[in-house]
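Given next are the chains, with one letter for each unit.
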Amino acid sequence: VYGYTELALEDAAELPSSEFQQYLVGIRRGADRLRILVEDLLMIVRLDTGQLEREFRLLATLRDNLGEMITHTVDMFRAQAAREDIVLETKVAPDLPSVLIYESFFTDALGRLIDNAIKFSRNKGKRVTVSAEVVDGWVEIAVADEGVGISPQGVARLFERFRQIDREKMEQQGTGLGLSIAKALIACMEGEVGVESEQGVGSTFTIRLPAAQ
């Protein structure tokens, strides 16, 4: 942000509009990264101080429209997937049972997993599938990609804070907090987040939420 601003100010008098537009795009990109960093760090503070758990106890409700929430969250990422030429599909079983959740936490966590899947799919024409079904009294929401996959060593430390896998190779610009935050949000709802992955084949991240009794 600082660098692009300095260049724009120095060359403002004779800068062609096309180049000035490029500077603005660079500033916007940097501002977006900074906003995400600040929001993630504030989320970590809320987690460590117990604020997230208090919010869940106050705001959680019994919801019977989980399928709609999943579909709506997936739709938020369709434009991003289209830009990367990724096929994004949804397979939600009908009549999912009710779950006790806070919608904001759930859509945040699921969105982080979908965003990750799109970023790590890389090659054009790949597919990201978000599915939901009931398994042994749990609602399982899986986000499966056909991306680069993760090594067993990487999987073991995947949910650590500030952990990024193959940062140099993947040219990641994130904070390394996304997966740890997603897991913490689901844990507030007495749920779990797991992962299965094979290098060169892809990864599947699964959210498990207890069906309401």
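Described below are features of the structure shown in this document. Everything quoted here is computed from the prediction, not taken from an experiment.

About the criteria used
Residues numbered from 1 in each chain as written. Predicted model: local features only at pLDDT ≥ 70, side-chain atom pairs only at ≥ 80, totals over all residues. Heavy atoms only, no water. Helix = DSSP H or I, 4+ residues; strand = E, 2+ residues; numbered from the N terminus. Buried < 20%, exposed > 50% of the residue type's maximum accessible area, 1.4 Å probe, protein only. Contact = heavy atoms within 4.5 Å. Lys, Arg positive; Asp, Glu negative; His and termini not counted. Charge placed at Lys NZ, Arg CZ, Asp CG, Glu CD. Pairing = 2+ DSSP bridges. Axes fitted to C-alpha atoms, helices over the stretch in contact; angles between N-to-C directions. Expected span 1.5 Å × (residues − 1).

What about the overall build of the chain?
Summing up its helical and strand segments, the chain has nine helices and seven strands in all. Projecting the C-alpha coordinates of the chain onto the three principal axes gives extents of approximately 70 × 40 × 35 Å. Considering the chain as a whole, with its 213 residues, one finds that 38% of them fall into the buried category. Contacts spanning at least 24 positions in sequence make up 69% of the contacts within the chain whose residues lie at least 6 apart. One finds the centroid of the 24 positive side-chain charges in the chain at a distance of 2 Å from the centroid of its 34 negative side-chain charges.

Remarks on the sheet that holds strand E6 (residues 192-198)
Two orientations exist for strands paired in a sheet by backbone hydrogen bonds: parallel and antiparallel. Spatially, E2-E4-E5-E7-E6 is the arrangement adopted by the five strands of the open sheet, whose pairing is mixed. Here the strands that pair on one side only, and so sit at the sheet edges, are strand E2 (87-92) and E6. The average angle at which neighbouring strand axes cross in this sheet is 15 degrees, direction not considered. Pairing between E6 and strand E7 (residues 202-210): seven bridges, direction antiparallel. Of the residues in E7, the one forming a bridge with Ser197 is Ser203.

Let's talk about unusual backbone geometry
Across residues other than glycine, the phi torsion is negative in most instances, and most of the peptide bonds are trans. The phi torsion at Asp85 lies on the positive side, around 55 degrees, for a residue other than glycine. Tracing the chain through its elements places Asp85 in the loop between helix H5 (78-83) and E2. Judged by relative accessible area, Asp85 falls into the partly exposed class, the value being 40%. In this model, Asp136 sits at a positive phi of 50 degrees, which is unusual for a non-glycine residue. Positionally, Asp136 belongs in the loop between strand E4 (127-135) and strand E5 (138-145).

Examining helix H6 (residues 103-121)
Relative to the 27 Å expected for 19 residues at 1.5 Å per residue, H6 spans 27 Å between its end C-alpha atoms, a close match to the ideal helical length. Positive phi shows up at Arg122, right after H6, with a value of about 60 degrees.

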